[in-house]
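Geometric and topological summary
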Amino acid sequence: MAKSSTGPSAKPVTIHDQKLLRGEGGELHQIADGDTPVLTTAQGGPVFDDQNTLKVGARGPALIEDFHFREKIFHFDHERIPERVVHARGYGAHGFFETYDSLAKYTRADLFQRAGERTPAFVRFSTVAGSKGSFDLARDVRGFAVKLYTQEGNWDLVGNNIPVFFIQDAIKFPDVIHAVKEEPDSAFPQAQSAHDNFWDFITLTPESMHMIMWVMSDRALPRSFRFMEGFGVHTFRFVNARNESTFVKFHWKPKLGLQSVLWNEAVKINGADPDFHRRDLWAAIQSGNFPEWELQVQLFNQEFADRFDFDVLDPTKLIPEELLPPIAVGRLVLDRMPDNFFAETEQVAFMTQNVPPGIDFSNDPLLQGRNFSYLDTQLKRLGGPNFTHIPINAPKCPFAHFQQDGHMAMRNPVGRVNYQPNSFGEGPRESPDKGFKTFADIENGAKRRLRPESFSDHYSQARQFFMSQTKGEQRHIAAALTFELSKVKTPVIRERMVSHLLNIDEGLANRVASMLGLKNMPKPADAAQPTRQDLAESAALSIVMNGPERFEGRKLGILVTDGTDAKLLAALQAAIAKAGATFEIIAPKVGGADASDGSLIEADQMIDGGPSVLYDAVALLPGDKGIDDLLAESTARDFVADAFAHCKFIGYVDAAVPLLAKAGVYDSLDEGFIPLGGPKDIDGFIAQLGKLRLWSREPSVKAR
Ligand code: HDD
């Protein structure tokens, strides 16, 4: 017969540093003593034993009267809330927005009235297509949702890292999202647009072509949330105290410049660290390197809008920054991680319709549709109409209304009066002065379901985007299109896409057709409007042309072994810190390595867990003694070969030469390899790192 457990009473034991009690069945109990709080049920009842269910005798059966067990499992069973239909995988942080100067001339919004005013903020970055547990480096649009807790209520600017969208009318949103998500019969692919359904829909939806160019570009593979732009996408309105309206487009510009990774790198990062982006944001904020973006606005009036062939209400179009330079109006700093991911990042409810007085909507049909969807979606996800009672969603300004009751009501009105008008002089009143007053635009026309003709140019800005990229970036777009279409099983869909590319750029179409091995070149797709060839290139659209030219905020991977030169390592670490960057030490063993002077070099990663794709550049500092440990490791060879293939700068000591040879790169040493003979070489190395990548190497490592 098995021994019976008498609960947490019996013999004290110590396991390493933990003092525990061992019950009669051998199970371990942690007992409250001294100041440790007593474990309770959710009802506050103290718990006697949290290791064993209540049973008859030692071996059961279990008893249904075990309210502690039932409450614990019941709660666990309900830990999940529905994940977001889109943007399920996200990561958030707190911070503040600081206004540079008064914008009273354009808007009466309180947060823009006073220079230096700080408004609390919460930001959630996300991918769109993947589920909550998917990997960070999917080729995808990134959500950039900002909640500003202003003195006049919450303002949610629910944007993306791409300034245009796939579709022009919100009625098509379920279709584009169904098409990109996993196919419903097979339930794959996860977090990938590279499949038939997506490209079938896209090729039948020419308005998506501009956005497709962006999504096939490196914009869809950001190196970090910290190095990407954010865009409000739609044309909004500023409205000032005189009720004058100015159109406005919102842009977030990262202080550390733009940077992306290569596709081959992304694929490997997803395996090595599926949490690459969230870990990066976490590490930056926890170490006090607070990410920062500048809010810039493009302001214009109807007369300016009328100069364009396209419609400023069409969310598939942008206004080139060269034609309308953005004005910097404030900065956003993220300086605090949430205390609890679920409570804040998961439960935060963004809603495009959350705008304070002084910011208003335009008639963009996508925005108008969104204004319904976001409120509706919160009801489902958060389970009732009281989601503003959850602290992350509650305004931080005084508020008062007569809404009451419903699921999980946390704030309940006191007193008799819960309506207005009332004659008891109680409760809040409306305010024609302070209240949100919709801009009184004059609208008329027949009720119709119609796409305006002004929305019908689907290719000109797609071409403009492509032409504005560097040659290398153009190659990446061609390679991305080819990769994606190579996963499409239905040949006619591939051809259809090439027929659209012919309307964007013939060279691009030919390149993709050739790489796909397309036997017959299709005719150009029927276009509602011919593609404009005369749109000026816009440098603002390129990532490489908007890089940082410094290594600040980036990360160096330093490979060490036993015998690593201690002085060189110390000098390199100091120089990296001075450059505002970080490093990780990678060693054959996670216990570290013995440096040349006998000191212990603590390792952050074992070589198997720290591939070079996790770093912006690498330094190979093995010692003569330890290099043999690496030569026998395929992971060490991959470390070097990948850094080379991904055009990274590689610092190396003489002892690393056999590893360079083993990785097959010793015959290709180019200016991206920097010998580190001693501390004197470090400044030159750091200066090179500021270029981030040696793009001139790329044609030799990836011919297509
Ligand atoms: Fe959306 C979430 C951005 C079009 C319907 N959207 C969501 C999020 C972002 C965007 C960043 C995640 C917010 C968070 O982190 O919680 N969405 C966009 C942008 C769009 C866009 C920039 C086009 C310019 N969205 C769009 C349309 C619809 C929606 C046209 C529906 C008609 N979006 C939703 C949603 C979500 C959402 C279903 C899912 C979870 C949520 O709202 O809170 O309502």
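Rules used throughout
- Residues numbered from 1 in each chain as written.
- Predicted model: local features only at pLDDT ≥ 70, side-chain atom pairs only at ≥ 80, totals over all residues.
- Heavy atoms only, no water.
- Helix = DSSP H or I, 4+ residues; strand = E, 2+ residues; numbered from the N terminus.
- Rg over C-alpha atoms; globule rule 2.2 N^0.38 Å.
- Buried < 20%, exposed > 50% of the residue type's maximum accessible area, 1.4 Å probe, protein only.
- Contact = heavy atoms within 4.5 Å.
- Areas by Shrake-Rupley, 256 points an atom, 1.4 Å probe, with all protein chains shown as cover.
- Lys, Arg positive; Asp, Glu negative; His and termini not counted.
- Charge placed at Lys NZ, Arg CZ, Asp CG, Glu CD.
- Pairing = 2+ DSSP bridges.
- Axes fitted to C-alpha atoms, helices over the stretch in contact; angles between N-to-C directions.
- Donors = N, O, S within 2.8 Å, 3.2 Å for Na, K, Ca; no water.
- Near = heavy atom within 4 Å.
- Polar contact = N/O pair within 3.5 Å; in protein donor to acceptor, adjacent residues only side chain to side chain.
- Parallel < 35°, antiparallel > 145°, perpendicular 65-115°, else oblique.
- Left-handed = near helix turned anticlockwise from the far one by under 90°.
- pLDDT = per-residue confidence, 0-100.
- Core = buried A, V, L, I, M, F, W, Y, C linked by side-chain atoms within 4.5 Å.
- Salt bridge = Lys/Arg side-chain N within 4 Å of Asp/Glu carboxyl O.
- Arc of directions from axis to C-beta.
- Phe/Tyr/Trp six-rings, centres within 6.5 Å; stacked < 30°, edge-to-face > 60°.
- Lys NZ or Arg CZ within 6 Å of the ring centre and 35° of its normal.

Let us look at the overall build of the chain. Looking only at helices and strands, one finds 19 helices and 21 strands in the chain. In terms of overall dimensions, the chain is globule-like: its C-alpha atoms have a radius of gyration of 29 Å, near the 27 Å expected for 704 residues. Dimensions of the chain along its principal axes, counting C-alpha atoms only, are 80 × 80 × 55 Å. By the burial criterion, 51% of the 704 residues in the chain qualify as buried. Within the chain, counting contacts between residues at least 6 apart in sequence, those at least 24 apart form 72% of the total. For the chain, the accessible surface area stands at approximately 33300 Å², while carbon and sulfur atoms represent 53% of it. Computing the positive centroid from 77 side-chain charges and the negative centroid from 92, the chain places the two 2 Å apart.

Moving on to the sheet that holds strand β15 (residues 582-587). Strand pairs in the sheet, formed through backbone hydrogen bonds, run parallel or antiparallel to each other. Reading across the sheet, the six strands line up as β18-β15-β14-β19-β20-β21 and stay open at both edges, with parallel pairing between neighbours. Strands at the two margins of the open sheet, each flanked by one partner only, are β18 (605-606) and β21 (673-675). As defined by bridge partners, strand β14 (residues 555-560) adjoins β15 across five bridges and the pair is classed as parallel. Following the sheet pairing, Leu 559 is matched in β15 by Ile 586. Sheet contacts for helix α14 (residues 566-578): β14, β15 and β19 (617-621); angle to β14, the most-contacted strand, approximately 170 degrees. In the packing of helix α16 (residues 634-645) onto the sheet, contacts are made with β14, β15, β19, β20 (650-652) and β21, and the angle to β19 comes to roughly 140 degrees.

Bringing the environment of Leu 204 into the picture now. Relative to the elements of secondary structure, Leu 204 occurs in the loop between α3 (196-203) and α4 (209-215). When its relative accessible area of 55% is taken as the criterion, Leu 204 is described as exposed.

Turning our attention to the coordination of the iron atom of the ligand. Within the protein, just one atom coordinates the iron atom of the ligand: Tyr 374 (OH), at a distance of 1.9 Å. Tracing the sequence through the fold places Tyr 374 in helix α9 (residues 365-382).

As a structural note, the neighbourhood of the ligand is formed by 23 residues, with Arg 84, Arg 124, Arg 370, Tyr 374 and Gln 378 the closest of them. Within the contact set of the ligand, a nitrogen atom lies 3.4 Å away from a side-chain nitrogen or oxygen of His 87. One nitrogen or oxygen atom from the side chain of Arg 370 is found 3.2 Å from a nitrogen atom belonging to the ligand. Of all the secondary-structure elements, those providing two or more residues to the shell around the ligand are β6 (142-150), β7 (153-160) and α9.

As a packed pair, α14 and helix α18 (residues 682-689) sit with axes 10 Å apart at the nearest point and diverge in direction by 40 degrees. Taken as axis vectors, α14 and α18 run oblique relative to one another. Viewed along their axes, α14 and α18 form a crossing whose handedness is right-handed. Facing α14, whose interface residues are Leu 568, Ala 571, Leu 572, Ala 575 and Ile 576, α18 presents Ile 682, Phe 685, Ile 686 and Leu 689.

The next point concerns the sheet that holds strand β3 (residues 28-29). Pairing in this open sheet of three strands is antiparallel, and the strands run β1-β2-β3 from one edge to the other. Of all the strands in the sheet, the pair left with one neighbour each is β1 (11-15) and β3. One ladder, built from five bridges, connects β1 with strand β2 (residues 18-22); its direction is antiparallel. Across the sheet, Ile 15 pairs through a bridge with Gln 18, a residue of β2.

Glancing now at the pairing of strand β9 (residues 236-239). Residues Phe 236 and Phe 238 line one face of β9 and the alternating positions Arg 237 and Val 239 line the opposite face, and both faces are buried. Across four bridges, β9 lies against strand β10 (residues 245-254) in antiparallel orientation. For Arg 237, the partnering residue across the bridge sits in β10 and is Phe 247. Where β9 folds back onto β10 in an antiparallel hairpin, the turn is made up of five residues, including Asn 243, whose phi is positive at roughly 65 degrees.

A word on the confidence of the model for the chain. With 98% of its residues at a pLDDT of 70 or more, the chain has an overall mean of 96. Confidence drops under a pLDDT of 50 for residues 1-5, and excluding neighbours within four residues, the segment shows eleven contacts in the predicted structure.

For the rest of this paragraph, the subject is the nonpolar core. Side chains that are nonpolar tend, in soluble globular proteins, to be buried together. Within the largest apolar cluster, 61 residues are counted, with the highest numbers of intra-cluster contacts made by Leu 556, Ile 558, Leu 572, Leu 620, Leu 621, Phe 639 and Leu 689. Among the elements that take part in this core, α14 stands out by supplying six residues, more than any other. By size, the runner-up hydrophobic cluster in this structure holds 52 residues, among which are Ala 129, Ile 202, Met 211 and Val 498.

A cis amide bond, omega 10 degrees, links Gly 60 with the succeeding residue Pro 61. Put simply, Phe 188 and Pro 189 share a cis peptide bond, and its omega is 5 degrees. Along the chain, Pro 189 turns up in the loop between α2 (173-180) and α3. Residue His 87 is not a glycine yet carries a positive backbone phi of 60 degrees. Within the secondary structure layout, His 87 lies in the loop between α1 (67-77) and β4 (90-99). Despite not being glycine, Glu 549 shows a phi value in the positive range, around 60 degrees. By the element assignment, Glu 549 lies in the loop between α13 (506-516) and β14.

Right, let's get into the pattern of salt bridges. Tallied over the entire structure, the rule returns 37 salt bridges. Arg 89 is the partner of Asp 136 in a salt bridge, and the nearest nitrogen-oxygen pair spans 2.6 Å. Here the residue Asp 136 occupies a position in the loop between β5 (118-127) and β6, and Arg 89 occupies one in the loop between α1 and β4, the gap between them amounting to 47 residues. In terms of burial, Asp 136 and Arg 89 fall into one category: buried.

Moving on, we come to helix α5 (residues 263-272). When we look at burial in α5, the residues that qualify are Glu 265, Ala 266, Ile 269 and Asn 270. Down the axis of α5, the smallest arc covering the buried residues is 135 degrees, so these residues share one side.

Glancing now at the packing of aromatic side chains. Tallying each qualifying case throughout the model produces 26 aromatic pairs. Each ring, one from Phe 644 and one from Phe 673, has its centre 5.8 Å from the other, and the planes form 40 degrees; the classification is tilted. With a gap of 29 residues between them, Phe 644 in helix α16 and Phe 673 in strand β21 connect regions that are remote in the sequence. Each member of the pair, Phe 644 as well as Phe 673, is classed as buried. Directly above the ring of Tyr 149 sits Lys 396, whose terminal nitrogen or CZ lies 4.4 Å from the centroid.

Buried residues dominate α3, accounting for six of its eight residues. Every buried residue of α3 is accounted for by Asp 196, Phe 198, Trp 199, Phe 201, Ile 202 and Thr 203. As for α3, its buried residues are in contact with α2, α4, α11 (471-486) and α12 (491-504).

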